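Now for the letters of each chain:
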Amino acid sequence: MVSICLIIGGIWIGNNVNLLPIVASSNAPVYDELFKVLFTIGTILFVGMTGLVIYSLIKFRSKPGELEDGIAIEGNLSLEILWTAVPAIVILFVGLYSYDIYDRMGGMQPLEVHHHEQHLMKGSERIWGGIGSSSTIEASNQFTAALPIELTAMQFAFIFHYPKGDITSGELHVPIDQPVNLTMESKDVIHAFWVPEFRLKQDVIPGQPTILSFTPTRIGRYPIICAELCGPYHGGMRATVVVEKTEDYQQWFNQNAKLIDIEA
Amino acid sequence: MTISIPPSNPEPLKSLQPKGWMRYLSFSLDHKVIGLQYMVCGFIFYLIGGALASAIRIELTSPMSDFMARDVYNQVLTLHGTIMIFLWIVPVVNGAFGNYLIPFYVGARDMAFPRLNAVAFWLIPPAGLMLISSYFINGAAQSGWTAYPPLSITTPAAGQIIWIISVLLLGGSSIFGGINFIATILKLRRPGLKLMQLPMYCWAMLGTSILVVLSTPVLAGTLILLSFDIVAHTGFFNPELGGNVIVYQHLFWFYSHPAVYIMVLPAFGLVSEILPVHCRKPLFGYTTMVYSIMGIVFLGLIVWAHHMFTSGTPPWMRLFFTIATAFIAVPTGIKFFNWVATLWGGRISLNTAILFSCGFIVNFVLGGITGVALAQVPFDVHVHDTYFVVAHFHYIVYGGSVFVIFSSIYHWFPKATGKMLNENLGRFHFLITFIGFNLCFAPQHWLGLNGMPRRVAEYDPQFTFVNQISSAGALLMALSTLPFLWNVFHSLFKGDEAGDNPWRGLTPEWLTSSPPPVENWNGEAPLVTEPYGYGKTKVPEPLNQIGTKD
Ligand code: HEM
Ligand SMILES: [Cu+2]
Ligand SMILES: [Cu+2]
């Protein structure tokens, strides 16, 4: 009875308490689904355990002056098997579920490195990808090729470079619903590219290119935050990603592009 | 087979040692003196680390960097982390309680290598002083307690090198201690005492010491290579010279995840000693507890890359480390259920020791839940290196280890000093610590989820209010040490006499006087084959009733 209330309460809280920022990429709703499940399981476990501890402390407290001992139970094999098996099953479920989420986020797909990007990399270096690497499912449905952008991080700024059009910008402009492939490398120390509204993060590493793909789904300006300690101004190392309508993006692109003549 | 070495007969040596309080400043070979040296030294560093934490929380009451310079903030942050880990938690949960209790538990008169033991302790104060003084020389290290290159190679070298030397000394101290505990537990057991009859803390220390001995040398090697990169401009980790920064992260976490267990496994052991005494019930599931400790030790060695999910690791590696990490929750969960089962049906005295232990259970469960969530790669890529992680590990190290340290102090203070601590003041101490702790760290989960990265001196103004709540909690935590310190000093001089066994405990340290004689027992060491035989064995009456007044 108590446990049923607990489970229902946990599910209700998981569904109704929103602790996350705005959803602005195709990756974010999948993330939030995972969060909801973990939050529900976590709430049930936490409230359950806390409840047991408090209940025991009240129910089994000794009267002042009482010198008697409790019952000499030293263990109970079936109970112990139960609380080995149940957590193991929960963990297994969480693991499989998050694997599925990971797959849906594109984590298991081979890195999609364009011809074009490849020659920009020094030599034949390995490229490491974050989650969201390669195009997401939605993107492949639309047959849209990913937009390649290069990111260079340095103390204490993010610089974006659009190979097509040879634009260099301190702001990341991307059209809505367009898969983007960010190829990232750092000039000095390790930084990290994080957009909370996209639920994505990838370290930007010196001497080791990394790649991150995402599809923005909501128009707006979102912060790009450096998430790896990189020196005194680490806290101030921020930039903005501007997700805009395709027309607006095109306009921005045309205004800034140096070689507009390459195929549109 | 156990050889009963007539404990290397250190008595003649000891008689040459200073007496009274002076012996706490001497190169004493007595494990009890060394244990208390670790305790007091650790607590002093805790106060220093706490002062630094307060400075951090003051800076974070406003979104601008206005309380201290930005590079000073990073130095304070680095010192805080390093001090709390290497000079407070690790030496206290291992060195202090290990040295004090393990010889009693195995029925020995001292540790296996008393001189090595003293050396291990005396490495700590100079290492700590050196670390702190680096701030006044040329600025302390400022690359965080993780010292990731290339940042650690490019920040001012003096501070970073001093940091490396002191961590090496502290690591050395920890290895000496580990070897000593393994030898003592396996080889100095009193004849007739079987391994599976040892109190649980011995198992926890055995597991921990295995981790210490296997993983600390890796950290030492890594930091030596890092120092070459800094002073000799070698290129192990420096990408400009063809080095690889990710290799450093692997090596660093190969030590530093086990380090997490070096900080909590002994705490698990201490809780397993404290609960049965005050619940008047046997420890539930002794055998599964032992196996789960060993399971944690094994799994703890193969999960390090969960700290590197965003560094860019291949998918198979991410999967492997997700699964391994999540499965640590199984042996850990067993321990928690067993503790709750120990509470169940007991005759619980609601004293300060039990309150802190139960506070530990509640806090650690929350920290463990967020830990399992963090182990899921897709979850971690959003919250890695944010305040969510800060909240997570403070629930583990503060809500876990520090709560257990306080619980243990209330439990063993009467043994070590012969005086009782004041219970009312103790409960008050627990209450404000518990409230302050949760007020400080619970809101940080939200901060991390919503976009506040860790290790920053300035942040988005939308987070101001929640940061101020967190700082108010930190203030409460700082204040909570005052009743504690008052309690300790007052009780030391004016406290009630404790008698030999105020809690009517069954483990061997209670079967001698308080404080115990240099030889631990006058006469032969007692053979305790049922350290948790509550409800079965005839429990000794409290020798004088004062201790249990309520
Ligand atoms: C047992 C005591 C524990 C301590 C002292 C501890 C401490 C820490 C610390 C200090 C970090 C931050 C690392 C950094 O980024 O600098 C961390 C992160 C992490 N912890 Fe724990 N932890 C503990 C338990 C656990 C448990 C039980 C789990 C999972 C079952 C876990 C999983 C993780 C994961 C996955 C991370 C990486 C998160 C990230 O960096 O984004 N931890 N922990
Ligand atoms: Cu940064
Ligand atoms: Cu770890």
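Numbering of residues starts from 1 in each chain and follows the order in which that chain's sequence is written. Starting at A for chains and at 1 for ligands, labels are handed out in the order in which the entities are written. In keeping with the model being predicted, local features are shown solely for residues with a pLDDT of at least 70 and side-chain atom pairs are shown and tallied solely at 80 or more, while totals for entire chains, interfaces and linings include all residues. Side-chain metrics in this entry use all non-hydrogen atoms of the structure; hydrogen atoms and water are not considered.

Novice: Tell me about the pairing of strand E6 (residues 180-186) of chain A, and please be specific about residues and values.
Specialist: Residue and element names in this part refer to chain A. Of all the seven residues making up E6, six are buried; the element is thus mostly covered by neighbouring parts of the structure. The rule for pairing is simple: two strands pair if DSSP sees at least two bridges between them. Only DSSP runs of H or I with at least four residues qualify as helices, and only runs of E with at least two residues qualify as strands; both kinds are numbered from the N terminus onward. Pairing between strand E2 (residues 147-154) and E6: seven bridges, direction parallel. Considered in E6, the bridge of glutamate 150 is made with threonine 183. Think of it in three bands: residues with accessible area under 20% of the maximum for their type are buried, residues over 50% are exposed, and the middle band is partly exposed, with areas taken using a 1.4 Å probe on protein chains only.

Novice: Could you give an account of empty space enclosed by the protein, naming the residues involved and the relevant values?
Specialist: Cavities and pockets were defined on a 1 Å grid built from protein atoms only: a cavity is a group of points that admits a 1.4 Å probe but offers it no way out, a pocket is an open group of points flanked by protein on both sides within 12 Å along at least five of seven lines, and a lining residue is one with an atom within 4 Å of any such point. Grid points are joined across faces, edges and corners, and a volume is the space filled by probe spheres set on the points. The final tally for this structure, using the stated rule, is two cavities of 30 Å³ or more. Breaking the lining of the largest cavity down by element, the ones donating at least two residues are helix H3 (70-106), helix H7 (157-187) and helix H8 (200-231) of chain B. For the lining of the largest cavity, the element with the most residues is H7 of chain B, which contributes seven residues. Only Asp, Glu, Lys and Arg are considered charged in this grouping, and only Ala, Val, Leu, Ile, Met, Phe, Trp, Tyr, Cys and Pro are considered nonpolar; every other residue, Gly among them, is considered polar. Of the residues assigned to the lining of the largest cavity, the class counts are ten nonpolar, ten polar and no charged. Considering only enclosed or pocket space, the second largest cavity measures out at about 60 Å³ in volume. The wall of the second largest cavity is formed by Ile190, Glu228 and Leu229 of chain A together with Ser143, Thr146, Tyr148, Pro149, Leu151 and Arg455 of chain B. Across the lining of the second largest cavity, the residue classes tally to five nonpolar, two polar and two charged.

Novice: An account of the interface of chain B and chain A is needed here, citing residue identities and associated values.
Specialist: Note on definitions: a residue-residue contact is assigned when non-hydrogen atoms from the two residues lie within 4.5 Å. Contact residues are listed per partner, giving 88 residues for chain B and 81 residues for chain A. Salt bridges are defined as contacts in which a side-chain nitrogen from Lys or Arg sits within 4 Å of a carboxyl oxygen from Asp or Glu. Where chain B touches chain A, the interface holds two salt bridges. Put simply, arginine 280 of chain B and aspartate 69 of chain A hold a salt bridge, and the shortest N to O gap is 3.0 Å. Counted as a polar contact is a pair of N or O atoms within 3.5 Å, where, for protein atoms, one must be capable of donating a hydrogen and the other of accepting one, and residues adjacent in sequence contribute only when both atoms are in side chains. At the surface where chain B touches chain A, the tally comes to 20 residue pairs in polar contact (both at pLDDT 80 or more). Every element with two or more residues in the side of chain B that touches chain A is listed here: H3, helix H6 (151-154), helix H9 (245-279), helix H10 (286-300), helix H11 (315-343), helix H12 (352-375), helix H13 (377-383) and helix H15 (423-449) of chain B. At 14 residues, the largest contribution of residues to the side of chain B that touches chain A is made by H11 of chain B.

Novice: Explain the coordination of the copper ion (ligand 2) to me, and be specific about the residues and the numbers.
Specialist: All names here are of chain A. A donor here means an N, O or S atom no more than 2.8 Å from the metal, or no more than 3.2 Å when the metal is Na, K or Ca. Since water is not included, a site may seem to lack partners. Protein ligation of the copper ion (ligand 2) involves Cys226 (SG), Glu228 (O), Cys230 (SG) and His234 (ND1), the donor distances falling in the range 2.1 to 2.7 Å. Here a site with four donors is tetrahedral if all angles are between 85 and 135 degrees, and a site with four or six donors is square planar or octahedral if opposite donors are over 155 degrees apart and the other angles are between 65 and 115; anything else gets the irregular label. For the copper ion (ligand 2), the four donor atoms in the first shell make angles of 83 to 128° at the metal, a pattern classed as irregular. Along the chain, the residues donating to the copper ion (ligand 2) fall in the pattern C-x1-E-x1-C-x3-H. Both residues of the pair, glutamate 228 and cysteine 230, count as buried.

Novice: Before we move on, could you go through the domain arrangement of chain A and cite the residues and values that matter?
Specialist: All names here are of chain A. By the assigned domains, chain A splits into domain 1 (2-59 + 77-104) and domain 2 (112-256). Opposite the 13 residues of domain 1 that make contact, domain 2 presents 14 residues. Accessible surface is computed with a 1.4 Å probe, and the buried area is the amount of it that two parts give up when combined, taken over both parts together. Summed over the three residues of domain 1 that lose the most area to domain 2, namely Ile22, Ala24 and Ser26, the buried surface amounts to 44% of that side. In this assembly, domain 1 and domain 2 are joined by one salt bridge. For the salt bridge of arginine 199 with aspartate 32, the shortest nitrogen-to-oxygen distance reads 2.9 Å. Our count for the domain 1 to domain 2 interface comes out at ten residue pairs in polar contact (both at pLDDT 80 or more). Contributing elements (two or more residues each) for the side of domain 1 that touches domain 2: helix H2 (28-59) and helix H3 (77-104). For the side of domain 1 that touches domain 2, the element with the most residues is H2, which contributes three residues. Looking at the side of domain 1 that touches domain 2 residue by residue, the class counts come to eight nonpolar, three polar and two charged. These domain boundaries are the output of an automatic or database domain assignment.

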